[in-house]
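Here is how the chains run, residue by residue.
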Amino acid sequence: MNKVMLMGRLTRDPVIRHAGSGTKVASYNLAVGRTYKSTDGTTADFPRCVCVFPKAAEFAEKHLCKGLKVIVTGRIQTGSYTNKDGQKVYTTDVIVESQEFAESRSKSAASKGSSGLETDKDGYLVVPDSIDDELPFA
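What you see is a predicted model; the values in this text were computed from it and never measured.

Draft legend 1. The arrangement of the pattern of salt bridges in detail. Tallying each qualifying case throughout the model produces five salt bridges. Here Asp45 and Arg34 are joined by a salt bridge, their closest N and O atoms 2.6 Å apart. Here Asp45 is found in strand 4 (residues 44–45), whereas its partner Arg34 is found in the loop between strand 3 (24–33) and strand 4, with eleven residues between them in sequence. On the basis of relative accessibility, which here comes to 35%, the residue Asp45 falls in the partly exposed class. Residue class for Arg34 comes out partly exposed when judged on its relative accessible area of 26%.

Draft legend 2. A look at the pairing of strand 7 (residues 88–101). Relative to strand 7, strand 5 (residues 48–51) runs parallel, the two sharing three bridges. The residue of strand 7 that forms the bridge with Arg48 is Asp93. Between strand 6 (residues 69–82) and strand 7, which pair antiparallel one after the other, the connecting turn spans five residues, and Gly86 there sits at a positive phi close to 85°.

Draft legend 3. Representation of the side chain of Asp93 within the structure. Here Asp93 shows up in strand 7. Residue Asp93 is classed as buried on the basis of its relative accessible area of 12%. Engagement of the side chain of Asp93 in a polar contact is seen with the side chain of Arg48, the distance being 3.0 Å. Apart from the residues within four sequence positions on either side, Asp93 is in contact with Arg48, Val50, Arg75, Ile76 and Gln77.

Draft legend 4. Focus on the nonpolar core. Membership of the largest hydrophobic core comes to 21 residues, with the highest contact counts inside it found for Tyr28, Leu30, Cys49, Cys51, Leu64, Val70 and Val72. When contributions to this core are tallied by element, the ones reaching two or more residues are strand 1 (4–10), strand 3, strand 5, helix 1 (54–63), strand 6 and strand 7. Discounting residues that sit within four places of it in the chain, Leu30 has contacts with Leu6, Gly8, Arg9, Leu10, Thr11, Asp45, Phe46, Pro47, Cys49, Val70 and Val72.

Calculation criteria
- Residues numbered from 1 in each chain as written.
- Predicted model: local features only at pLDDT ≥ 70, side-chain atom pairs only at ≥ 80, totals over all residues.
- Heavy atoms only, no water.
- Salt bridge = Lys/Arg side-chain N within 4 Å of Asp/Glu carboxyl O.
- Helix = DSSP H or I, 4+ residues; strand = E, 2+ residues; numbered from the N terminus.
- Buried < 20%, exposed > 50% of the residue type's maximum accessible area, 1.4 Å probe, protein only.
- Pairing = 2+ DSSP bridges.
- Polar contact = N/O pair within 3.5 Å; in protein donor to acceptor, adjacent residues only side chain to side chain.
- Contact = heavy atoms within 4.5 Å.
- Core = buried A, V, L, I, M, F, W, Y, C linked by side-chain atoms within 4.5 Å.

On their own, these measurements won't tell you what the molecule is for.
Below, the structure is given as structure tokens:
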């Protein structure tokens, strides 16, 4: 079984590009904390998450931003390519199957600065009714 679940903060705003067929693809890195410190002092990993499904990519483009804490479920995909110097580069990506908010905006803003998203009186993100059909999760 190839299944991964991560919780972390976006290290930057999602990057949106268009595939050859015109489909949007979103990618972002998550800062995922470790439960231990490695020998080199690293306390986090930064996996690249790729939204290849159109609704997930549009959701990432509209609602995710740097510093926001999210939960991502997906699968690991490895690949390789040859760079311009002729060296083979190996890649490991998380192909996003679902993504959801892991905290309210008020907590996110308190820990990482304002994300510019609208919240209700309890601090939860307000998702407009107009995008209910576009949400990549139930």
